[in-house]
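Now for the letters of each chain:
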Amino acid sequence: MILLWLIIIPMAGACAAWWVERRGPQWPRWTALTCLGVELAVAGALWRDAALATPLSRPGTWAAEWNVAWIPSWGIRLHVAADGLSLSLLLLTAFLGIMSVVCSWTEIRERVGFFHFNLLWTLTGVIGVFLAMDLFLFFLFWEVMLIPMYLLIILWGHEGRLRAGYKFFLFTQAGSLLLLIALIALVFIQASQKGVWSFDYHDLLGAQITGAAGTWLMLGFFLAFAVKLPVFPFHTWLPDAHTEAPTAGSVILAGLLLKTGAYGLIRFAVPLFPEASRDFAPVAMFLGVVGILYGAMLAFAQTDLKRLVAYSSVSHLGFVLLGVYAGAHPAFEGAVMQMIAHGISTGALFMLVGALQERLHTRDLRHMGGLWGRIPVFGALLLFFAVASLGMPGLGNFIGEFLVLLGSFAPHAALTVAATAGIVLAAVYALVMVQYTVHGPAEPDRRVADLSRPMQWSLVSMALILVWLGLYPQPLLRMVGPAMGSERPMVVSAEEGSG
Amino acid sequence: MLSYLWLVPALPLAGFLILVAGGRLSKRMIAWIGVGSVGLSAIVAGLVTVSFIVSPPAGGRFTQHLWTWVEAGPFVSRLAFDLDALSLVMMLVITWIGLLIHVYSAEFMAEDSGYRRFFAYMNLFVGAMLILVLADNLFLLYLGWEGVGLCSYLLIGFWYEQPANGWAARKAFIITRIGDTALAIGMFLLFASFGTVDIQDLMRDASGRWDAGSPIATAAAALLLIGAMGKSAQVPLQTWLPDAMAGPTPVSALIHAATMVTAGVYLLARTQALLQLAPAVQFCVAVVGVMTLLLAAFSALAQRDIKRVLAYSTISQIGYMFLALGVGAPVAAMFHFLTHACFKALLFLGAGAVSNSLHHELDMFRMGGLCRRLPVTCWTFLAGVASLAGLPLITAGFYSKDLVLWETWISPHGGLWLWIGGAAGAFVTALYSFRLFFFVFLGDMKTEPHGKPGPMITVPLVMLAGLSLVAGFLELPRTLGHWPLFSSFLETAMPLVHADSASVAAEAIHQSVLSLVALAGAGIAYWLYRAAPERLAIFAAAGPAASLRRVWFEGWAFDRFYDRFVVRPFIEMARTNRTDAVDAVYTAAARVVERAHVALSDTQTGSVRWYATVLAGSGVLFIWYMLT
């Protein structure tokens, strides 16, 4: 039941935020902040309970679950459940939700109520995706994320927002269509085998569809999630959408929406079709490595700061794909760690870029420089998150990337070596970014204000989380580890892969 | 006392944290925190050392486990420090030389607006470097390894307004990261093979389960070697170090001479067991060392910038350490590391003191005759130069270089050619070090110095000068009293076959030859640069000599080569694809749809006659199709 509240709170908050706009623009902001604070507290309490529980969420058990019939004739149920993985992602969602409200505080001045309505509604969709254990419900939430995000881009975005919005919509909608087809086909096949209609996750897990049908359905799921993740070569919506979205939109896109793709792969695409996924794993890992290198290369080439950060996401999410399909233990934990750490570090970078655009009215790297002397707090924080993003040990991103690489080496050494080259390229683009923003000669007589107090505290808290994840990642790793054991019978053994 | 080991890296890190987040601090406070944290760390390190020597822990190794850093599936990495003779020597050098350099910096950087930032980065560096040498597993070592790289980047680019400094900083970080990547892959390979990253376990398992010369052992050792080459600026990954001189001079002394650049030497000494399983790689280490020491020594001979001379000299001296590692004599490598840390830190600090009194002048052709005006700097600098050149008997550099070359001579992995390379390098070293001294301190005064260095600059100089002379007495060869204190201590950590089969007489002859080489170098330097400079000028102006000098000056054109074949193609490739070729496919698809839409909507003319024509025409076509 508590899980239902986790969905209801932001949903109700969304409507309330729109409703209270009539009282003034501060009201929707505080409403959104309050309800996300409550969300964070509830999710945090659940997470803590699950972390303290022993034995720690054994494979196959849920930390919390709620399951009632919805449309019985088709076997559709309101089934929500959470394990360590979903709870960790819920925490991230609530946290980044708060951050996106904070960073919109001064940036969004028009239609404030409707903005927060869309923001919270997107978050509702994300939370639902992380909780739904009924595939119909999952698809519903999957679609719920889309429209408000589209509105956030086209209503509050920058110059090229319309085109970027269409592109985002078309790409994700095409993916959703494939997901829908594959999902219905899966349910059909399962129903014809068992004679009972069911959209329930556990029932479908038992379907074990093999052969060509399994491969095609797996591809349907994979493509839908691959577009969201995004996987090379379906990534091209991302730079446009991230660049044109308002700051909060970019934070949510990079921090959360991409993670729903990764979550879908971990929770559905791989466990539902273990055999097909195992055969497909080398291809997926290869695409992951291409994404790592290609994204880094393009990030380096950009002159638009926001586009640079966007392409760096393509690169970082390649590690997640590599780790998920490596099917070995440290790699899986690494992939989840990378999801969370990337959510925070890239979210922070987008917030910094947004703050910079608010001050300089440009995102062009060629028109920046020397900001360290003018706005040192900004400079220090940008340096910190750039360094986090290039995978500095002691911060969360390093743990994510290195666990992925450590785990992937035994199953696939050659691809891992290629992926490791990505950390050199990460250094190249991250340091170029630092150089052209905060270092170099300052433009004379340009007055800029340093970050506001709330922004400073938000970003410092994000930095502290990355340090925590980097120096003591054990609580998180122990939470998410079992999520693989329960649903992954496809561990590629070291002997088999490395020979 | 040993249980306070964790404080040694923790104190500088605490200093870093206070400087970053400590609110408003006066300049005095900043200096106290910045210097004090390293000072306390040095004191604790000293106490730990005393305790380690007075009551040695079992097995010559003390391990302090703080917490489990990462545990995921089969992978475990502990945050644990491991103290043995090898890490102890490193720890002492880092903390004590680090302390002297910090004291020096407190005065040297006093006018700089980034005073606080400077000490924050320096403290972070000392902490990371200590983690590197104390780490008990490769994963933790990698934390320190990358941490020092980051600090190096931050401090090279310390004066960030100059884009050139930023370029040098990025160059240093990226080139060393190429090496780091190899190290990381080596770590993955070792983990995949043995299921652990604990260094002691790895070395034991590797010796037990891998055959000498097996491909996998060779691959693992080669990967670690590439990592070491990047960090320690060995050919062909040496090009970043001369440019790294863009940072403040104390940074060059601490990071780019005494400590960080020797991390590769430490790594290979630490993984000596693995290196011995891969004779081919071990031979490569020696060859890399000799090539580096020769190429860099010749480059040092052609420089004008006083710091670049010292940078090339550092590359060259680390080449000697690699040579020692390659011939299976890590003790000699560590001994040379110790003396080099003293005299090279001294030389850099002296160079800083000189340039500070000459309005930040670094071109030694515009210096000269400074000895009378800056006597302390001059005499201490002379001690450093003598030690670097290896003047016999009285300098530390003599003893360590002698040990390296003697081991090269007698080791089964050594050989005549390696020895000749090393001895030739010693000659050029003496030549360029005295050239440097003569240009800066003797001759006519070309720039008037102003001010005199204060006590916080001169005291570290004097102390380092003392060390540069006496540190060699820690290890006296058989010919001169036979006092193997250093090697017998280190061999508790690195059990080695020490087959001193050669006779004492041979060793004496070897030392005499080496002494003559160093003295000849110094003498010829005097003749060339003091007694008969006009002859040198005539000779140097001639065609082939001039072009050779130009090649030396630009460090054998490695930079041009990389620029041409790596950097430019990469930038070009990235530029060409800035708009993402993959997106062009989707854009093209969208365009096709758009065109088709326009074309089809053009058929909607609203003219009934046109519709009727199309209708009738299609009907006819349809019937014709059905009939055929």
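Residues numbered from 1 in each chain as written. Chains lettered and ligands numbered in written order. Predicted model: local features only at pLDDT ≥ 70, side-chain atom pairs only at ≥ 80, totals over all residues.

Secondary structure assignment for chain A yields 21 helices and two strands. What you see for chain A is a C-alpha radius of gyration of 22 Å, in line with the 23 Å of a compact globule of 499 residues. Structurally, chain A occupies a C-alpha span of about 75 × 60 × 45 Å along its principal axes. Long-range pairs, those at least 24 residues apart, make up 81% of the contacts in chain A with a sequence separation of at least 6. (Helix = DSSP H or I, 4+ residues; strand = E, 2+ residues; numbered from the N terminus. Rg over C-alpha atoms; globule rule 2.2 N^0.38 Å. Contact = placed C-beta atoms within 7 Å.)

Once that is clear, we can look at the overall build of chain B. Within chain B one finds 26 helices and four strands. Overall, the C-alpha framework of chain B stretches about 115 × 60 × 60 Å when taken along its three principal axes. The 628 residues of chain B split such that 55% are buried. (Buried ≥ 20, exposed ≤ 12 C-beta atoms within 10 Å, placed from the backbone.)

Residue and element names in this part refer to chain A. Position of A414 relative to the elements: it lies in helix α18 (residues 413–437). By C-beta crowding, A414 is classed as exposed, having 10 other C-beta atoms within 10 Å. It is 36 Å that separates the C-alpha atoms of A414 and F169, two residues lying 245 residues apart in sequence.

Quite often, the size of an interface is put as the accessible area lost when its parts meet. Taken together, the 41 residues of chain A in the interface contact 37 residues of chain B. If you list the elements that add at least two residues to the side of chain A that touches chain B, you get α12 (274–301), α14 (329–360), α17 (396–409), α18, α20 (474–487) and α21 (494–498) of chain A. In terms of residue class, the side of chain A that touches chain B is made up of 27 nonpolar, 13 polar and one charged. (Nonpolar A, V, L, I, M, F, W, Y, C, P; charged D, E, K, R; others polar.)

This part takes up the nonpolar core. With 427 residues, the main nonpolar core has A:F221, A:L352 and B:A345 as its most contacted residues. When residues no more than four places from it in sequence are discounted, the contact partners of B:A345 are B:I97, B:I101, B:A253, B:A257, B:A258 and B:L464. (Core = buried A, V, L, I, M, F, W, Y, C linked by C-beta atoms within 7 Å.)

In this section: unusual backbone geometry. Going from A:L229 to A:P230, the amide bond is cis rather than trans, its omega being -5°. Examined against the element boundaries, A:P230 turns out to sit in the loop between α9 (211–228) and α10 (237–244). Here the amide bond leading from B:V235 into B:P236 is cis, since omega sits at 5°, within 30 degrees of zero. Following the sequence through the fold, B:P236 ends up in the loop between α8 (215–231) and α9 (240–243). One non-glycine residue, B:H359, adopts positive backbone phi at about 55°. If you trace the backbone, B:H359 turns up in the loop between α15 (330–357) and α16 (375–389). Phi is positive for B:D580, which is not a glycine, with a value near 70°. With respect to the element layout, B:D580 can be found in the loop between α24 (558–576) and α25 (581–602). For B:D580, a count of 24 C-beta atoms within 10 Å puts it in the buried group.

Our focus in this paragraph is the packing of α16(B) against helix α18 (residues 416–441) of chain B. Residues and elements named next belong to chain B. Running from N to C, α16 and α18 point in directions that differ by 165°, and their axes come no closer than 8 Å. By the angle class used here, α16 and α18 are roughly antiparallel. Considering only the axes of α16 and α18, their crossing is left-handed. Across the interface between the two elements, C378, F381, L382, V385, L388 and A389 of α16 pack against T429, A430, S433, F434, L436, F437 and F441 of α18. Its residues assigned to classes, the contact of α16 with α18 comprises 11 nonpolar, two polar and no charged. (Axes fitted to C-alpha atoms, helices over the stretch in contact; angles between N-to-C directions. Parallel < 35°, antiparallel > 145°, perpendicular 65-115°, else oblique. Left-handed = near helix turned anticlockwise from the far one by under 90°.)

Let's shift gears to the pairing of strand β1 (residues 62–72) of chain B. In the case of a regular strand, side chains alternate between the two sheet surfaces. Residues and elements named next belong to chain B. Bridging between β1 and strand β2 (residues 75–83) involves nine bridges; their strand directions are antiparallel. Following the sheet pairing, A72 is matched in β2 by F75. The hairpin formed by β1 and β2 contains two residues between the paired strands, and G73 there has a positive phi angle of roughly 60°. (Pairing = 2+ DSSP bridges.)

Across chain A, pLDDT averages 89, with 95% of residues at or above 70. The model gives residues 486–499 of chain A a pLDDT under 50, and that stretch makes 25 contacts with residues more than four places away or in other chains. (pLDDT = per-residue confidence, 0-100.)

What follows is about the packing of helix α17 (residues 396–410) of chain B against helix α21 (residues 504–531) of chain B. Residue and element names in this part refer to chain B. Interhelical geometry of α17 versus α21 gives an angle of 125° and a closest axis separation of 11 Å. Considering their axes alone, α17 and α21 lie oblique with respect to each other. At the point where α17 passes α21, the crossing takes the right-handed sense. For the pair α17 and α21, the contacting residues are D402, L405, W406 and W409 in the first and E507, H510, Q511 and L514 in the second. Class assignment for the residues of the contact of α17 with α21 results in four nonpolar, two polar and two charged.

Once that is clear, we can look at α16(B). All names here are of chain B. Compared with the 21 Å implied by 1.5 Å per residue over 15 residues, the 21 Å span of α16 between its first and last C-alpha is a close match. Listed in full, the buried residues belonging to α16 are T377, T380, F381, A383, G384, V385, A386, S387, L388 and A389. Elements that come into contact with the buried residues of α16 comprise α14 (306–326), α15, α17, α18, α19 (455–470) and α21. Following α16 by one or two positions, G390 has its phi on the positive side, about 75°. (Expected span 1.5 Å × (residues − 1).)

Here the focus is the environment of B:L224. In this fold, B:L224 is placed in helix α8. Excluding residues within four positions of it along the chain, B:L224 makes contact with B:L183, B:G186, B:L267, B:L268, B:T271 and B:L274.

On to the environment of B:L19, then. Among the secondary structure elements, B:L19 is positioned in helix α1 (residues 7–21). Separated by 440 residues in the primary sequence, B:L19 and B:V459 place their C-alpha atoms 25 Å from one another.

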